[in-house]
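Chain and residue survey
Read off the chains here:
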Amino acid sequence: MRRLTIINFLIVLGCALAVGLSWQINHEAIEAVALKLFRAEGRSAFTLIQTARHWNAIQGKVYVPVSADTPPNPYLRTPDRDITDNLGRRLTQVNPAYMTRQISELLQDSDVQMRITSLDPINPLNRPDGWEAASLRQFEISGELERVERVQDRYRYISGLIVQRECMQCHEDQGYRVGDLRGGISFSVPAEQVDLLVSEMQQGSSRVHALVLMLLSLIGVSLFSLFYLVRGRLQASVMAQAELQQLVERDELTGVLSRRALMERLFTEMKRRSRYGQPLSLLMLDLDHFKRVNDRYGHQAGDLVLKELAQMLEQHLREVDIIGRYGGEEFTVLLPNTARLQAERLAQRLCQAAAEYRIRLHGGDLVQVTLSIGLASCDTDLLSAETLLARADEALYVAKQRGRNRVSVYGQD
Ligand SMILES: Nc1nc2c(ncn2[C@@H]2O[C@H](COP(=O)(O)OP(=O)(O)OP(=O)(O)O)[C@@H](O)[C@H]2O)c(=O)[nH]1
């Protein structure tokens, strides 16, 4: 349960990290979008102003009546700067730079600020501020012609002005050539409105991310818990099945195969034998005078002797050999692919090993038991399992009759 809690915590943590990363990327993208939007606005405004300036330049000369707001431009040094029309009114020439400056002054009371500026201004009022000067210098170095940035509480945009042929009439004296960068037009708007929009979009994104995090965590935790539960049940059932199998297959006291499992294996080996024609031998082992052990040391000591002896016998067998408890103090050993002669040698070894084996009881006494073994083989003839068992039993009976602690082979003794 503790493991499940830790893994579920890690799932939620993983979801939180992934969603948090997405939230961060999304927030930065929204801020980038705000900048892109303002860049588009700046470009539109610049295009409008440039078009008006172009119109002015291609007219050759544009004149307007002299007024308090439009006095003659002191920085325009053309001989026909001021003229009088046929009604006697004084007119003065408004070149593109003068026109741009006048428009920017008209905008002074609005949110939008516009400035025409140059690193080498004819009109000192057009001197660039720090950001504009840095941008114009960057344009000169990089060849770029546009910059947009949030500067303190305003979004700022500047685009470079390139000298066109029609500009030369005013700017030739400054040494400019067509294609030179001679300044720029900058716009700015308060960041407040854009900030509000950005913050609304970011709040929306935060809500969506919070929802996604909740859903992801819920789905992740539910799916994993379900998987954990099902896996736990499956494991428990597999273990229970294995335990059950063990109970059915193994003799509880000695740990060797139970009689039932032994008989199943005998039938299987008989079938294998009849299909592949390999020899098969069967030993029937019985402890000699085991009653005496029980009588002398008690039933529990007898149990210990049975258990230890079974394990000792198992160790003397090959991996393919099969030992099982046939009943009481009687064991059966199946020897697949083993002919009579080989089986007899093995039976002799088992008999000798048992006789040499000493079992230490809990009280410290050493017990020695001997075995009588009956052997039956089916080397050539096809027998049934029952006949093989009966023959081994018969041979065992002979071994007992002949004085115990010996091997008797069916059909030979
Ligand atoms: N402790 C213990 N004794 C068992 C168990 N199963 C059978 N026995 C005992 O094994 C003894 C078998 O006695 P008998 O059939 O007379 O055979 P024996 O004394 O071994 O003599 P022979 O087989 O003729 O050599 C009995 O005393 C049974 O109680 C068991 O699981 N545990």
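Everything numeric here is computed off the predicted structure, so don't read it as measured data.

Once that is clear, we can look at the UniProt feature "transmembrane region" (unreviewed entry) in the protein. Here the UniProt feature "transmembrane region" (unreviewed entry) sits at residues 208–230. The annotated region residues 208–230 carries 100% helix and 0% strand content, and the separation between its end C-alpha atoms amounts to 32 Å.

Okay, the packing of aromatic side chains next. If you walk through the whole model with that rule in mind, you get four aromatic pairs. With a centroid separation of 5.8 Å and an interplanar angle of 45 degrees, the aromatic rings of Phe224 and Phe227 are classed as tilted. Remark: Phe227 and Phe224 occur in helix α5 (residues 191–249); sequence separation between them is three residues, near one turn of the helix. According to the relative accessible area criterion, Phe224 is buried, its value standing at 18%. If you follow Arg259 out to its NZ or CZ, it ends over the ring of Tyr326, 3.9 Å from the centre.

So, on to the sheet that holds strand β13 (residues 371–378). What the five strands build is an open sheet, ordered β9-β10-β8-β13-β14; its pairing is mixed. In this open sheet, the two edge strands, each paired with only one partner strand, are β9 (322–327) and β14 (407–409). Pairs of neighbouring strands in the sheet enclose a mean axial angle of 20 degrees, with direction left out of account. Relative to strand β10 (residues 330–336), strand β8 (residues 280–287) runs antiparallel, the two sharing seven bridges. Opposite Ser281, over in β10, you have Leu335 as the bridge partner. Where helix α9 (residues 340–356) meets the sheet, its contacts fall on β8, β10, β13 and β14, and the angle it forms with β13 comes to roughly 170 degrees.

Strand order in the open sheet made by the three strands is β1-β3-β2, with antiparallel pairing throughout. Only two strands of the sheet have a single partner each, and these edge strands are β1 (63–65) and β2 (82–84). Pairwise comparison of adjacent strand axes, ignoring direction, gives a mean angle of 35 degrees for this sheet. Strand direction decides the pairing type here: β1 and strand β3 (residues 90–93), joined by three bridges, are antiparallel.

This paragraph deals with the packing of helix α1 (residues 2–58) against helix α2 (residues 96–106). Remark: α1 packs on α2, axes separated minimally by 9 Å, with the N-to-C direction vectors making an angle of 140 degrees. If you check the angle between α1 and α2, you find them oblique. In terms of crossing hand, the pair formed by α1 and α2 is right-handed. When α1 is examined against α2, the residues Ile49, Ala52, Arg53, Asn56 and Ala57 are found in contact with a partner set consisting of Pro96, Ala97, Met99, Thr100 and Ile103. Broken down by class, the residue content of the contact of α1 with α2 amounts to seven nonpolar, two polar and one charged.

What follows is about the pairing of strand β7 (residues 181–190). Among the ten residues of β7, nine are classified as buried, and the element is accordingly described as predominantly covered. Both strand β4 (residues 113–117) and β7 contribute to a ladder of five bridges, which runs antiparallel. Residue Thr117 lies in a different strand from β7, and its bridge partner there is Gly184.

Here helix α10 (residues 385–401) spans 24 Å end to end across 17 residues, near enough to the 24 Å set by a 1.5 Å rise per residue. All of the buried residues in α10 are Ala385, Leu388, Leu389, Arg391, Ala392, Ala395, Leu396, Ala399 and Lys400.

Phe290, Val293 and Asn294 are the residues of helix α7 (residues 290–297) that are buried. Taken down its axis, α7 places every buried residue within 95 degrees of arc, on the same side. When the buried face of α7 is taken as reference, the exposed residues oriented beyond 90 degrees from it are Lys291, Arg292, Asp295 and Arg296. Buried residues along α7 sit in contact with β8, α8 (299–315) and β12 (366–367). One or two positions beyond α7, positive phi appears at Gly298, with a value near 100 degrees.

With that settled, consider the site of the ligand. The immediate surroundings of the ligand are formed by 16 residues, with His289, Phe290, Asn294, Asp303 and Arg325 found nearest. In this structure, an oxygen atom belonging to the ligand sits 3.1 Å away from a main-chain N or O atom of Leu287. Between His299 and the ligand, the recorded distance is 3.0 Å, taken from a backbone N or O atom to a nitrogen atom. Surface burial for the ligand is 68%, taken as the share of its 650 Å² of free accessible area covered by protein chains.

We now examine unusual backbone geometry. Of note, His289 is a non-glycine position whose phi angle comes to about 45 degrees, a positive value. Looking at the element boundaries, His289 is found in the loop between β8 and α7. Among the residues examined, His289 registers a relative accessible area of 34% and is labelled partly exposed. We note that Arg404 has phi near 70 degrees; this positive angle belongs to a residue other than glycine. Of note, Arg404 is situated in the loop between α10 and β14. Taking relative accessible area as the criterion, Arg404 reaches 28% and is therefore assigned partly exposed.

Calculation rules
- Residues numbered from 1 in each chain as written.
- Predicted model: local features only at pLDDT ≥ 70, side-chain atom pairs only at ≥ 80, totals over all residues.
- Heavy atoms only, no water.
- UniProt positions renumbered as here; feature names shortened; annotations may be inferred.
- Helix = DSSP H or I, 4+ residues; strand = E, 2+ residues; numbered from the N terminus.
- Phe/Tyr/Trp six-rings, centres within 6.5 Å; stacked < 30°, edge-to-face > 60°.
- Buried < 20%, exposed > 50% of the residue type's maximum accessible area, 1.4 Å probe, protein only.
- Lys NZ or Arg CZ within 6 Å of the ring centre and 35° of its normal.
- Pairing = 2+ DSSP bridges.
- Axes fitted to C-alpha atoms, helices over the stretch in contact; angles between N-to-C directions.
- Contact = heavy atoms within 4.5 Å.
- Parallel < 35°, antiparallel > 145°, perpendicular 65-115°, else oblique.
- Left-handed = near helix turned anticlockwise from the far one by under 90°.
- Nonpolar A, V, L, I, M, F, W, Y, C, P; charged D, E, K, R; others polar.
- Expected span 1.5 Å × (residues − 1).
- Arc of directions from axis to C-beta.
- Near = heavy atom within 4 Å.
- Polar contact = N/O pair within 3.5 Å; in protein donor to acceptor, adjacent residues only side chain to side chain.
- Areas by Shrake-Rupley, 256 points an atom, 1.4 Å probe, with all protein chains shown as cover.

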